[in-house]
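Coordinates in review
As a plain string of letters, each chain reads:
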Amino acid sequence: MLEIAVTMLLLTPVVSQEETMKCHTGDPLPVPHEWYQLGCFLIGGMASHISYIVNQVTFEEHPSQNLFDFPQVITKFYQHSLALAFAVNEINKNDNILPNVTLGFHISDSYDSARMTYRTTLDLIFKAHTFLPNYKCGKQKPLLAIIGGLGSDTSFLMMDIIGLFKIPQLIYGSFAPDEIQTKGAPPFYRMVPNENLQYKGIIWLLQHFRWTWVGLFVVDDNSGEQFLRILEPMFSRHGICSAFTKRIPQDIRMEEFINHINYASPTDVPFLDPKTVTMITYGESLTILWLRTFICSQDSGNMQNIFFGKVWIMTMQMDFILTGAARGWGFQMFQGAISFTIHTKEVPGFREFLQIIKPNWTQGDGFLKNFWEQAFDCFFPDPGVPIMDDDSCTGEESLESLPAGLFEMHLNGHSYSIYIAVYALAHALHAMYSPRSKHRPMLVDSNIELQNLKPWQLHLFLQDISFNNSAGETVSFNDKREMRGGFDIMNLVILPNNSFQKVKVGRVDPSAHEGKRFTINEDTIVLPLSMCNEQCHPGHQKKMKEGEKFCCYDCVPCLDGKISNQIDADDCFKCPEDQYVNKNKNGCIPKVITFLSYEEPLGLTLASTAVSFSLTTALVLGMFIKHRDTPIVKANNRDLSYTLLVSLLLCFLSSLLFLGHPGKVICLLQQAAFGIIFSVAVSCVLAKTTIVSLAFMATKPGSRMKKWVGRKVSCSIVICCSLVQIGICTVWLATFPPFPDLDMHSVNEEIIVQCNEGSAIMFYCVLGYMGLLAITSFMVAFLARKLPDSFNEAKFITFSMLAFCSVWLSFIPTYLSTRGKDMVAVEIFSILASTAGLLGCIFCPKCYIIVLRPELNSREKLMRRQY
């Protein structure tokens, strides 16, 4: 009904025709507090630090007779009015801005009431000496703009009236972005940064300290709903969960709130969960008062202890205040609290200005008496009434002696915004009368006089204002009429005298470079973790719990071959190919590059064995050459024996190609040389066996085999069999040649430098053909082992081929089951073992006769010896 009445008042503007007309009327709704200072231009101010319990109108008596009760003063907010007065007086003393112009101000209060907000807003617009809305009685009030209010509700109520007159409105409280959009394009200027930046700052802060399990205390109004609507989706996107959301009614009765908690079961009070360490609180300053009142009213020590040691995160709108009967309580439960505040800088002279504040320092301040009485818990006696006790105010009290919950001596965020707002208006007015102003030609009368200034004309200059204030910071608005700037992150330190100190520990600065927009000084703040469960240490990963929020999870070790090197890893991952997993699965260790070298024991042993057998073979060859004309050497084709010994010598030496760092040439020679040389050796054995069989068949009467017994046949067998292997190796090297390769997977901790065969098919073709020759030689020798000839070598060749085939048949599965250096060692061992078998079985009996029994090395003795 009040809104309708106010609208009806404003529908028909009536302006007196004579400026000298005197308007006489009573004030139907007197305002108990205001601060008026005359000036050429007035800046209106809407404070929010006094409230009344407003009595209901009964229509039985005049409402003005019984409207107000005892005022409740939030003494800390009195600084807002002082900041406006300080800025105005500072500008009036500055000859560089608005010379010959004196600014004044008119400050009233919203009284935390929609009815009184409308009333005092009309006062700011119209009241000079008497209250007569929409009438100009005498000289018009030179109102320039209005600064206020603190809360969004107050600001929108003021806008309903101020918007009709297009008077600039500069607000120093915060708004949720969508809350402004629902009202359309705002006609006011916001002296605080966009609240979206605060949401980002909260997310950055939670992620920085790894707080993923947080509780929410949110005031139950439109701004609280908007806060949850924006913040909760951001939580989900950044891996943060809300343990609970507790709504605090805006006009809650503390008795009902306390009773609800006292008689609730643990399931009804989720914030009693000890795992919930971090509490985010969104609301106004009274929200903290409600929380503190509730905690301090508990008789149970356990209940109080639950709330101590928590990390409280306060949003920008909130401040730590003391008022009324709770003024003696401290803020110990909020020790270490983190709060986002409007970025401020110390303004020179403000602290000295506060030090001179006394009850009689000015005559126009209607707020000072109630502030002083409630701040210092005293009273000013009425004149002529004798003082009955010692509770009267002396006037010598000092603001510096007050705890920070009652009053602060440094300029807080909201007061700093008011200070800047006054300077913004002054600079806009100064620019309006500057001949160089780009907007001056847009005015209807560019030669406008000061007394004819209309407040709406200030908009053009205000939205483009940019200046440096006395604190050295640049002040300007963005295209949404929002003050550019950021937020300070403060840490609450409780002092022994129930006071506190806010220590700046970080900053949210949107103008900083990427990665520097959020800064926090960890050296000055130590805080606990706030998580649903213990963190997953490196070497583990998170595993979601079925049926619970994603912030609640189990920790499971990483699978083999994977690591996690950070806390609370979502997934484990594999190390790079050149690294392997350490024992704890929390890091990667570089693999060692390795190959079978001459320096290590295994390589040295194999190399020594190869050289020893090579020397032995060379010795046997030299012995055979020396005794080349003896019967034991000449028997069964002397030239084949020489060829076989040379090939065996090369077989021993070829094993050395597999030792040392593999290079391109070495890889090309390794398998090809091994295959060809072994094929020559086995071909010689096959030729020997074939000649033995043919020689026995040629001894039969009338046999035609005599023509096949001779050099040509043996040479043909060796050459033809060797050419086939040479052809296979040639095709191999021409199509898929071996090459140096790094094997990073066979051995977990090593990178093996080896020769890659290029084509496994060609490699096994070489082995298969060599095996075919060996089996053929074995079969022929086995069939000829019992031929009645003293010079028959077939049985020795049988043993040699048996050893040869056994070695290479064992080689294949062993080769396939080993990796790295062991695989190379297996191949070298197979080469040495099979070659040594051929050398020992075929040539040892002959060497025995040549060296130890030379008397048997004669034709006669050998003819009589039966093998």
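Residues numbered from 1 in each chain as written. Predicted model: local features only at pLDDT ≥ 70, side-chain atom pairs only at ≥ 80, totals over all residues. Heavy atoms only, no water.

Topic: the overall build of the protein chain
- For the protein chain, the helix and strand inventory stands at 23 helices and 27 strands.
- Pairs at least 24 apart in sequence give 70% of the contacts found in the protein chain among residues at least 6 apart.
- As displayed, the protein chain has an accessible area near 41,600 Å², and 57% of this comes from carbon and sulfur atoms. (Helix = DSSP H or I, 4+ residues; strand = E, 2+ residues; numbered from the N terminus. Contact = heavy atoms within 4.5 Å. Areas by Shrake-Rupley, 256 points an atom, 1.4 Å probe, with all protein chains shown as cover.)

A closer look at the packing of aromatic side chains
- Under the definition given, this model contains 34 aromatic pairs.
- Ring geometry for Phe613 versus Phe652: centroids 5.0 Å apart, planes at 10°, classification stacked. Within this pair, whereas Phe613 is found in helix α15 (residues 601-626), its partner Phe652 is found in helix α17 (residues 638-654), the two being separated by 39 residues in sequence.
- Looking at Phe613, the relative accessible area reads 28%, which means it is partly exposed.
- An aromatic cluster is present here, built from Trp35, Phe86, Phe105, Phe350, Phe353, Trp361, Tyr419 and Tyr423 joined pairwise through their rings.
- The lysine or arginine in question, Lys542, covers the ring of Tyr553, its NZ or CZ lying 4.8 Å from the ring centre. (Phe/Tyr/Trp six-rings, centres within 6.5 Å; stacked < 30°, edge-to-face > 60°. Buried < 20%, exposed > 50% of the residue type's maximum accessible area, 1.4 Å probe, protein only. Lys NZ or Arg CZ within 6 Å of the ring centre and 35° of its normal.)

Here we look at the sheet that holds strand β16 (residues 487-494)
- Taken together, the eight strands give an open sheet; going across it, the order is β10-β9-β11-β12-β13-β16-β17-β18, and neighbouring strands pair in mixed fashion. Looking at the sheet topology across the chains shown, the edges are occupied by β10 (241-249) and β18 (518-520). If you compare each strand with its neighbour and ignore which way they point, the axes differ by 30° on average.
- Direction of pairing for strand β9 (residues 213-220) relative to strand β11 (residues 278-282): parallel, over a ladder of five bridges. (Pairing = 2+ DSSP bridges. Axes fitted to C-alpha atoms, helices over the stretch in contact; angles between N-to-C directions.)

Side note on the environment of Ser110
- Among the structural elements, Ser110 can be located in the loop between β5 (103-109) and α3 (114-126).
- Of the residues examined, Ser110 reaches a relative accessible area of 1% and is grouped as buried.
- Excluding anything up to four places from it in sequence, Ser110 contacts Met46, Ala47, Ser48, Met116, Thr117, Thr120 and Thr154.

Focus on the confidence of the model for the protein chain
- Summary statistics for the protein chain give a mean pLDDT of 80 and a share of 79% for residues scoring 70 or more.
- Across residues 252-261, confidence stays below pLDDT 50; counting only partners more than four residues off in sequence or on other chains, it has 14 contacts.
- For the stretch residues 444-448, pLDDT sits under 50, and the model shows seven contacts to residues farther than four places along the chain or on other chains. (pLDDT = per-residue confidence, 0-100.)

Observations regarding the pattern of salt bridges
- In the structure shown here, the tally under the stated rule is 16 salt bridges.
- A salt bridge links Glu400 to Arg351, with the shortest nitrogen-to-oxygen separation between them at 3.4 Å. One end of the pair, Glu400, is in the loop between α12 (368-376) and α13 (413-432); the other, Arg351, is in helix α11 (residues 350-355), with 49 residues separating them in the sequence.
- The class for Glu400 is partly exposed, based on a relative accessible area of 41%.
- Among the charged side chains, a network of salt bridges with common partners joins Lys76, Asp319, Glu408 and Lys502. (Salt bridge = Lys/Arg side-chain N within 4 Å of Asp/Glu carboxyl O.)

So, the state of the cysteines
- Here the structure, examined in full by the defined rule, presents five disulfides.
- Two residues, Cys378 and Cys393, share a disulfide whose sulfurs are 1.8 Å apart. Disulfide Cys378-Cys393: the torsion about the S-S bond is 95°, which places it as right-handed. Note that Cys378 is positioned in the loop between α12 and α13 and Cys393 in the loop between α12 and α13, a separation of 15 residues in sequence. The same class applies to Cys378 and to Cys393, which are both buried. (Disulfide = S-S within 2.5 Å.)

Examining the nonpolar core
- The biggest cluster of nonpolar side chains holds 98 residues, and the ones touching the most others in it are Ile147, Phe334 and Leu399.
- Considering each element in turn, this core owes the most residues, 13 residues, to α13.
- Contact partners of Ile147, with chain neighbours within four places excluded, come to Ile43, Gly44, Gly45, Met46, Leu84, Leu170, Tyr172, Ile418, Ala421, Val422 and Leu425.
- Tyr642, Trp808, Ile850 and Leu856 belong to the second largest nonpolar core, which has 68 residues in total. (Core = buried A, V, L, I, M, F, W, Y, C linked by side-chain atoms within 4.5 Å.)

Some details on the sheet that holds strand β27 (residues 750-756)
- Pairing in this open sheet of three strands is mixed, and the strands run β25-β27-β26 from one edge to the other. Across the chains shown, the open sheet's two edge strands, defined by having one partner strand only, are β25 (592-594) and β26 (739-743). For this sheet, the mean inter-axis angle between neighbouring strands, taken without regard to orientation, is 25°.
- Sheet analysis places β26 next to β27, joined by five bridges and oriented antiparallel. What sits directly across from Leu742, in β27, is Val753.

Describing helix α2 (residues 78-92)
- Look at α2: 22 Å from first C-alpha to last across 15 residues, which is about the 21 Å you get at 1.5 Å a residue.
- The buried count for α2 comes to 12 of 15 residues, which makes it a mostly enclosed element.
- All of the buried residues along α2 are Tyr78, Gln79, His80, Ser81, Leu82, Ala83, Leu84, Ala85, Phe86, Ala87, Val88 and Ile91. (Expected span 1.5 Å × (residues − 1).)

Details of the packing of α15 against α17
- Direction vectors running N to C along α15 and α17 enclose 165°, while the axes themselves pass 8 Å from each other. Taken together, α15 and α17 sit at an angle that is classed as roughly antiparallel. Crossing of α15 against α17: the hand is left-handed. Here Ala610, Phe613, Ser614, Thr617, Ala618, Val620, Leu621, Phe624 and Ile625 of α15 come into contact with α17, specifically with Ser641, Tyr642, Leu645, Val646, Leu648, Leu649, Phe652 and Leu653. (Parallel < 35°, antiparallel > 145°, perpendicular 65-115°, else oblique. Left-handed = near helix turned anticlockwise from the far one by under 90°.)

Quick word on the pairing of β9
- Of all eight residues making up β9, seven are buried, and the element is well covered by its neighbours.
- Chirality of the crossover, the property in question, places the unit of β9, helix α7 (residues 222-237) and β10 among those that are right-handed. (Right-handed = clockwise from strand over helix to strand, strands pointing away.)

A closer look at unusual backbone geometry
- Cis geometry marks the peptide bond from Gly148 to Gly149; its omega dihedral reads 5°.
- Its location among the elements puts Gly149 in the loop between β6 (143-147) and α4 (152-165).
- We note that Asn100 has phi near 65°; this positive angle belongs to a residue other than glycine.
- Looking at Asn100, the relative accessible area reads 82%, which means it is exposed.

Considerations on the environment of Lys369
- When you line up the elements, Lys369 lands in helix α12.
- Assessed through its relative accessible area of 45%, Lys369 is described here as partly exposed.
- C-alpha of Lys369 to C-alpha of Cys393: the two residues are 24 residues apart in sequence and 10.0 Å apart in space.

A word on the side chain of Ser415
- The residue Ser415 is located in helix α13 in this model.
- If we skip the residues at most four places from it in the chain, Ser415 touches Gln79, His80 and Ala83.

So, the pairing of β27
- In terms of residue burial, β27 counts as a mostly covered element, since five of its seven residues are buried.
- Relative to β27, β25 runs parallel, the two being bridged by three bridges. In the sheet register, Ile593 faces β27, and the bridge partner there is Ile751.
- Where β26 hands over to β27, the hairpin turn is made up of six residues, counted between the paired strands.

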